[in-house]
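Given next are the chains, with one letter for each unit.
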Amino acid sequence: MTTSSTTGGLLNSYDIIVIGAGAIGLAIARRLAGLGAVLVVEKGATGRKASWAAAGMLTPPSEASSPDAFFRFGARSLCGYRSFVDELRDETGVDMEYRDNGLLLLASDADTLDSIRLRQEWQAREGFDTVLLSPEEVRRMEPALTLELSGALFCPSDHHVRPRLLIDALSASCVLRGVEIVEGTGVDEIVQNGGRVQGVLAGGRTLSAPVVIVAAGAWASGIRGMDPAIEMCPRKGQMLALAAPENLFDHVVRWGHRYFVPRTGGELIVGSTDEDSGFEAGVTAEGIDGLLAAAERMSARASACRVIETWSGLRPATRDRLPAIGPTALGGLFYALGHYRNGILFAPLTAEVVADLVEGRESNATEEAFSPLRFPQNRER
């Protein structure tokens, strides 16, 4: 364990520094809290970027298009999610509104229905119990749907959680476990020497640590000294919330890239856009109008509900749309980046994988396809 001195409220030295206080960074810090002095450095406010904007769908069967590394990792993370939130709730008292009543993946034409039939076939081989439904069966499950239907795939193992409450629980758990969280301080550079990480340069100060974990989301590209350097491609997602009757929908309902997520208390989330707009955040008339038009097609009753909130977030995507999780070209430097649309889903398993690697254990959940070393390394170091 590091022996530390204090200057201006921050220690000079830590055992572990985590860059980024979203769901991924907080889950990692919480998991590593027993290993010594752990610091989380956040450029903005805790959990107020992509994690805050997320819908919270935990949906490997409806999200994945094939049984690839993405699907395997998501499925394993989902398997442990209930125990993850139960432990957080018991520790902090925060109810994250974990719901396990499944998702309906709608088909409004014959081609889409054929596609979800193929999805059902390979997912059955992977052990997921999905059910192909007729239009009549779908309407019995969700009478408020008015979209013209060809059928749907019911995914009972697709669940959801309320991300903002998850962030509350993770940050509270970190504090209870002795993790220090510093907001409003961006990390400018990874400090290194002799092929090993030495700490970070943040807010004009050098903070020393033999282990640094980069979980900075879409903003990671701006940190100097990363090896490999990863170009992040922020993808803006606009969303809105409607004040809906409590039981207007019982399940998450997905139609292409549009979806409804029912919340406790009658709130209905409508999402989402997926835009290449750089780091330009904020909602637009075009984006919100598109969501409202989709909501109207999906449910005339939903379209009559009052809009109570609109927001946007920047999803952290890599060029190949796969995350970068694991060790890098620098000793002691680890990445947990690029979770794109699935940071909430991947958070518990990402934390377990990173913890195993930091503690020198071989993780049986590591995916070679996610290795940071697939990106070009700095040969001049």
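Residues numbered from 1 in each chain as written. Predicted model: local features only at pLDDT ≥ 70, side-chain atom pairs only at ≥ 80, totals over all residues. Heavy atoms only, no water.

Caption draft 1: The arrangement of the sheet that holds strand 12 (residues 196–202) in detail. Spatial ordering of the open sheet is given by 11-12-13, a layout of three strands whose pairing is antiparallel. Unpaired on one side and paired on the other, strand 11 (187–193) and strand 13 (205–208) mark the two borders of the sheet. Neighbour to neighbour, the strand axes of the sheet diverge by 30 degrees on average, direction disregarded. In this structure, strand 11 lies alongside strand 12, joined through six bridges in antiparallel fashion. Across the sheet, Val187 pairs through a bridge with Ala202, a residue of strand 12. (Pairing = 2+ DSSP bridges. Helix = DSSP H or I, 4+ residues; strand = E, 2+ residues; numbered from the N terminus. Axes fitted to C-alpha atoms, helices over the stretch in contact; angles between N-to-C directions.)

Caption draft 2: Layout of the pattern of salt bridges. Tallying each qualifying case throughout the model produces 24 salt bridges. Residue Arg31 pairs with Glu352 through a salt bridge whose shortest N-O separation is 3.1 Å. With a gap of 321 residues between them, Arg31 in helix 1 (residues 23–32) and Glu352 in helix 11 (residues 343–358) connect regions that are remote in the sequence. Among the residues examined, Arg31 registers a relative accessible area of 28% and is labelled partly exposed. Given the relative accessible area of 35%, Glu352 is considered partly exposed. (Salt bridge = Lys/Arg side-chain N within 4 Å of Asp/Glu carboxyl O. Buried < 20%, exposed > 50% of the residue type's maximum accessible area, 1.4 Å probe, protein only.)

Caption draft 3: The packing of helix 1 against helix 11, seen in detail. Running from amino to carboxyl end, helix 1 crosses helix 11 at an angle of 40 degrees, the nearest separation of the two axes being 8 Å. The angle between the axes of helix 1 and helix 11 places the two elements in the oblique class. The interaxial crossing formed by helix 1 with helix 11 has right-handed handedness. Seen from helix 1, the contacting residues are Ala23, Ile24, Ala27, Ile28, Arg31 and Leu32; seen from helix 11, they are Gly343, Ile344, Phe346, Ala347, Thr350, Ala351, Glu352, Val354, Ala355, Asp356 and Val358. By residue class, the composition of the contact of helix 1 with helix 11 is 12 nonpolar, two polar and three charged. (Parallel < 35°, antiparallel > 145°, perpendicular 65-115°, else oblique. Left-handed = near helix turned anticlockwise from the far one by under 90°. Contact = heavy atoms within 4.5 Å. Nonpolar A, V, L, I, M, F, W, Y, C, P; charged D, E, K, R; others polar.)

Caption draft 4: Representation of unusual backbone geometry. Cis peptide bonds are those with omega within 30 degrees of zero, and the linkage from Asp227 to Pro228 qualifies with 10 degrees. Topologically, Pro228 is positioned in the loop between strand 14 (211–214) and strand 15 (233–243). With an omega of -10 degrees, the peptide bond running from Gly271 to Ser272 counts as cis. In this structure, Ser272 sits in the loop between strand 18 (267–271) and helix 9 (285–298). Positive phi is not limited to glycine here, since Glu97 has a value of about 55 degrees. Residue position: Glu97 is located in the loop between helix 5 (81–92) and strand 6 (103–107).

Caption draft 5: Structural detail: the environment of Pro156. In this fold, Pro156 is placed in the loop between strand 8 (151–155) and strand 9 (159–160). Distance in space between the C-alpha atoms of Pro156 and Ser277 is 34 Å, their sequence separation being 121 residues. In this structure, Pro156 is in contact with Asp100, Gly102, Asp129 and Thr130, ignoring residues within four places of it in sequence.

Caption draft 6: View of the nonpolar core. Of all hydrophobic cores here, the largest spans 55 residues; its most connected members are Ile28, Tyr81 and Ile213. The greatest single-element share of this core, amounting to 10 residues, is contributed by helix 11. Ignoring sequence-local partners within four residues, the contact set of Tyr81 consists of Leu58, Tyr98, Val161, Leu166, Ile344, Leu345 and Pro348. (Core = buried A, V, L, I, M, F, W, Y, C linked by side-chain atoms within 4.5 Å.)

Caption draft 7: Just the packing of helix 4 (residues 69–79) against helix 11, in detail. Put simply, helix 4 and helix 11 touch, their axes get as near as 8 Å, and they point 90 degrees apart. One element, helix 4, and the other, helix 11, form an angle in the roughly perpendicular class. Across the interface between the two elements, Phe70, Phe73, Gly74, Arg76, Ser77 and Leu78 from helix 4 touch Leu345, Phe346, Ala347, Pro348, Leu349, Thr350 and Val353 from helix 11. For the contact of helix 4 with helix 11, a count of residues per class yields nine nonpolar, three polar and one charged.

Caption draft 8: Spatial organisation of the sheet that holds strand 7 (residues 131–133). Spatially, eight strands are ordered 7-8-6-16-17-18-15-19 in an open sheet, and the strand pairing comes out mixed. The sheet is open, and its two borders are formed by strand 7 and strand 19 (306–317), each paired with just one other strand. Going from strand to strand, the sheet's axes swing by 20 degrees on average, the running direction of each strand aside. Bridge analysis of strand 15 against strand 18 gives five bridges, and the strand direction is antiparallel.

By themselves, these are just geometric observations and shouldn't be taken as functional.
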